[in-house]
Amino acid sequence: MALRCTPQIEIDEAEIEESFVRASGPGGQNVNKLSTAVQLRFDVRRSRSLPDAVAVRLMRLAGRRLTGEGVLVITAQRFRTQERNRADARERLAAMVAEAAVPPTPRRATRPTLASKKRRLDEKSRRSGVKRLRGGPGDDG
């Protein structure tokens, strides 16, 4: 079975590696006995499921969660059960891939309006007038 991220992109199960670790935080004795937190690892660089452009955007989006080797690490420990944390980690991975799949809209160069140019020049002349008046009686320059 594969993890569907967008209608076009799905990640193969073999590319996702999960390990279970002990969660930190509240939970009583449960926290000391059970490994409920999930650490999901996904190798973005070597993934065959992702188009190159999406992989590049995902690596930029991942930030600190990306290792030097290009492996995305997601730790989920929000819930008390392993299964819910596992589902949470997978949902977060799918959401990140879906966000990376949307190409950024290119910026269109625009020119300043005549009114904004006039406002800028009026403000400049007003400021220069204020500074000119600041000179003291014996201030020649």
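The structure contained in this document is the topic of the report that follows. Since this is a predicted model, take the numbers as computed values, not measurements.

### Details of the packing of helix H2 (residues 52-62) against helix H3 (residues 82-101)
Right, so step 1: Remark: H2 packs on H3, axes separated minimally by 8 Å, with the N-to-C direction vectors making an angle of 120°. Relative to H3, H2 is oriented oblique. Here H2 and H3 pass one another in a crossing that is right-handed. The segment H2 lies against H3, with Val54, Arg57, Leu58, Leu61 and Ala62 engaging Met96, Val97, Glu99, Ala100 and Ala101.
Right, so step 2: Its residues assigned to classes, the contact of H2 with H3 shows eight nonpolar, no polar and two charged.

### Overview of the pairing of strand E4 (residues 37-43)
Right, so step 1: For E4, a buried count of five out of seven residues is recorded, marking the element as mostly surrounded by other parts of the structure.
Right, so step 2: Examined bridge by bridge, strand E3 (residues 16-21) and E4 share six bridges and lie antiparallel to one another. Bridge pairing links Val21 to Ala37 in E4.
Right, so step 3: As paired elements, E4 and strand E5 (residues 71-76) share six bridges and run antiparallel to each other.

### Structural notes on the pattern of salt bridges
Right, so step 1: Using the criterion set out here, one finds eight salt bridges in the structure.
Right, so step 2: Of the charged contacts in the structure, one is a salt bridge between Arg126 and Glu123, with a shortest N-O distance of 3.2 Å. Placement of both Arg126 and Glu123 in helix H4 (residues 114-133) is noted, with a separation of three residues, approximately one turn of the helix.
Right, so step 3: Look at Glu123 and you get partly exposed, because its relative accessible area is 38%.
Right, so step 4: Through salt bridges that share partners, Glu18, Glu83, Arg86 and Arg90 make up one connected network.

Cut-offs applied
Residues numbered from 1 in each chain as written. Predicted model: local features only at pLDDT ≥ 70, side-chain atom pairs only at ≥ 80, totals over all residues. Heavy atoms only, no water. Axes fitted to C-alpha atoms, helices over the stretch in contact; angles between N-to-C directions. Helix = DSSP H or I, 4+ residues; strand = E, 2+ residues; numbered from the N terminus. Parallel < 35°, antiparallel > 145°, perpendicular 65-115°, else oblique. Left-handed = near helix turned anticlockwise from the far one by under 90°. Contact = heavy atoms within 4.5 Å. Nonpolar A, V, L, I, M, F, W, Y, C, P; charged D, E, K, R; others polar. Buried < 20%, exposed > 50% of the residue type's maximum accessible area, 1.4 Å probe, protein only. Pairing = 2+ DSSP bridges. Salt bridge = Lys/Arg side-chain N within 4 Å of Asp/Glu carboxyl O.

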